[in-house]
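Working through the structure, step by step
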Amino acid sequence: MSPAPHIVVLTGAGVSADSGLATFRGAGGLWEGHRVEEVATPEAWAADARLVWRFYQMRRAALNEVEPNPAHHALAHLERETRARGGRFTLISQNVDDLHERAGSTLLHMHGSLASLRCEACGAHVHNLDFLDPERFLPCSACDHHRMRPDIVWFGEMPFHLDEIDAAVRSATRFLSCGTSGNVYPAAGLLALARAWSAETFVNSLDEPMNLDPADRFLPGPAAEVIPRLVAEWLGAG
Ligand code: OAD
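1. Observations concerning the overall build of the chain
Summing up its helical and strand segments, the chain has 9 helices and 9 strands in all. Here the C-alpha atoms of the chain give a radius of gyration of 18 Å, agreeing with the 18 Å that 2.2 N^0.38 yields for 238 residues. Taken along the three principal axes of its C-alpha coordinates, the chain extends 55 × 40 × 30 Å. Within the span of the chain, comprising 238 residues, buried residues form 49% of the whole. Considering only intrachain contacts with a sequence separation of at least 6, the fraction spanning at least 24 residues in the chain is 66%. Of the side-chain charges in the chain, 20 are positive and 30 negative, and the distance between the mean point of each set is 3 Å.

Okay, here's the thing in structure tokens:
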């Protein structure tokens, strides 16, 4: 008996590029003008929390300027339809924007989220996109500690949800990697893991990613065009 379908999708910065958010490694990439180690490490937070806070508060505010694009909407539709037909669906994202959830998806944010803050003392995650002051810190509503930090996985920190992600990928029957350059592990290893566990593997990206080898099909082009087509093909095929 063939296993119940389990579609697993991994997204990266490219899925949000068509919404106007810069990718990490492309021209005009996110870190231009900001050295990564100035803003995206625990050491940077320890050395100059005000600089790091200002940078992330600006990025949180910038979420108000962007909207989900057809790729986000197509993946949310795929999730609903797959579940309605009795299959499983898992969406994993390396992105810290909130465009997937605004399109209606449920997902695992393996590199954290701009839409929430985390207490540096008690570790509580608090959803908050209302407090956008770049000059003042926000106290923790759970333990009253004077300062929350961005809820982002910084360089040198452990990604979130790794056990759940590992289990999902091993049971995938179809795995789609979308808009990620395959540079950053462990995310970049998930395609090969899915292939090793017999999933049919698909990759969409503008440029060939570093980790393309285990892909059964490479679908080059903008995610906002390619993903709705692929979803229609999968759903049409039942
Ligand atoms: P990258 O900037 O490394 O790669 C973006 C990928 O998206 C590239 O392969 C592009 O070809 C592709 N791309 C660009 N525009 C696209 C479009 N319109 N449609 C489809 N694909 C497009 O971003 P990530 O791979 O997501 O980690 O970066 C991975 C991690 O590196 C990030 O999560 C971040 C960074 O360090 C942390 O912050 C921990």
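2. Looking at the layout of surface pockets
Put simply, the largest pocket is a space of about 860 Å³. Along its surface, the largest pocket is lined by 43 residues, and Ala13, Phe24, Arg25, Thr180 and Ser181 are the ones closest to its centre. Of the residues contributing to the lining of the largest pocket, the split by class is 21 nonpolar, 16 polar and 6 charged.

3. Concerning the site of the ligand
Of all residues adjacent to the ligand, which total 23 residues, the nearest are Phe24, Arg25, Thr180, Ser181 and Asp207. The contact in question runs from an oxygen atom of the ligand to an N or O atom on the backbone of Ala13, over 2.8 Å. The contact in question runs from a nitrogen atom of the ligand to an N or O atom on the backbone of Ala223, over 2.8 Å. Here the ligand has 800 Å² of accessible area as a free molecule, and 93% of this is covered by the chains. Taken atom by atom, the bulk of the ligand overlaps the largest pocket. For the shell around the ligand, the secondary-structure elements that each account for two or more residues are α1 (14-17) and β8 (200-205). Residue composition of the shell around the ligand, grouped by class: 9 nonpolar, 11 polar and 3 charged.

4. Looking at the side chain of Arg147
Mapped onto the elements of the fold, Arg147 is located in the loop between β5 (125-127) and β6 (148-152). A residue is classified by how much of its surface remains accessible, and Arg147, at 18% relative accessible area, is buried. At a separation of 2.9 Å, a polar atom in the side chain of Arg147 contacts the side chain of Glu120. Contact partners of Arg147, with chain neighbours within four places excluded, come to Trp45, Ala49, Glu120, Phe137, Leu138 and Pro139.

5. Some thoughts on the packing of helix α5 (residues 70-84) against helix α9 (residues 223-237)
Where α5 contacts α9, the two axes come as close as 7 Å, and the packing angle between them is 20°. Taken as axis vectors, α5 and α9 run roughly parallel relative to one another. The handedness of the crossing between α5 and α9 is left-handed. Here α5 contributes Pro70, Ala71, Ala74, Leu75, His77, Leu78 and Glu81 to the contact with α9, which in turn contributes Ala223, Ala224, Ile227, Pro228, Val231, Trp234 and Leu235. Split by residue class, the contact of α5 with α9 holds 12 nonpolar, 1 polar and 1 charged.

6. Structural notes on the nonpolar core
Counting 21 residues, the largest nonpolar core has Trp45, Tyr56 and Trp154 as its most contacted members. Here this core takes 5 residues from helix α4 (residues 49-62), the largest share from any one element. Those residues in contact with Trp45 that lie beyond four places of it in its chain are Val52, Trp53, Glu120, Phe137, Arg147, Met148, Arg149, Pro150 and Trp154. Core analysis: the next-biggest nonpolar cluster, separate from the first, contains 20 residues, Val15, Ala74, Ala223 and Leu235 among them.

Conventions and cut-offs
Residues numbered from 1 in each chain as written. Predicted model: local features only at pLDDT ≥ 70, side-chain atom pairs only at ≥ 80, totals over all residues. Heavy atoms only, no water. Helix = DSSP H or I, 4+ residues; strand = E, 2+ residues; numbered from the N terminus. Rg over C-alpha atoms; globule rule 2.2 N^0.38 Å. Buried < 20%, exposed > 50% of the residue type's maximum accessible area, 1.4 Å probe, protein only. Contact = heavy atoms within 4.5 Å. Lys, Arg positive; Asp, Glu negative; His and termini not counted. Charge placed at Lys NZ, Arg CZ, Asp CG, Glu CD. 1 Å grid on protein atoms, 1.4 Å probe; cavity = no way out; pocket = protein on both sides within 12 Å on 5 of 7 lines; lining within 4 Å. Points joined across faces, edges and corners; volume = space filled by probe spheres on them. Nonpolar A, V, L, I, M, F, W, Y, C, P; charged D, E, K, R; others polar. Near = heavy atom within 4 Å. Polar contact = N/O pair within 3.5 Å; in protein donor to acceptor, adjacent residues only side chain to side chain. Areas by Shrake-Rupley, 256 points an atom, 1.4 Å probe, with all protein chains shown as cover. Sits in = over half its atoms within 2 Å of the grid points. Axes fitted to C-alpha atoms, helices over the stretch in contact; angles between N-to-C directions. Parallel < 35°, antiparallel > 145°, perpendicular 65-115°, else oblique. Left-handed = near helix turned anticlockwise from the far one by under 90°. Core = buried A, V, L, I, M, F, W, Y, C linked by side-chain atoms within 4.5 Å.

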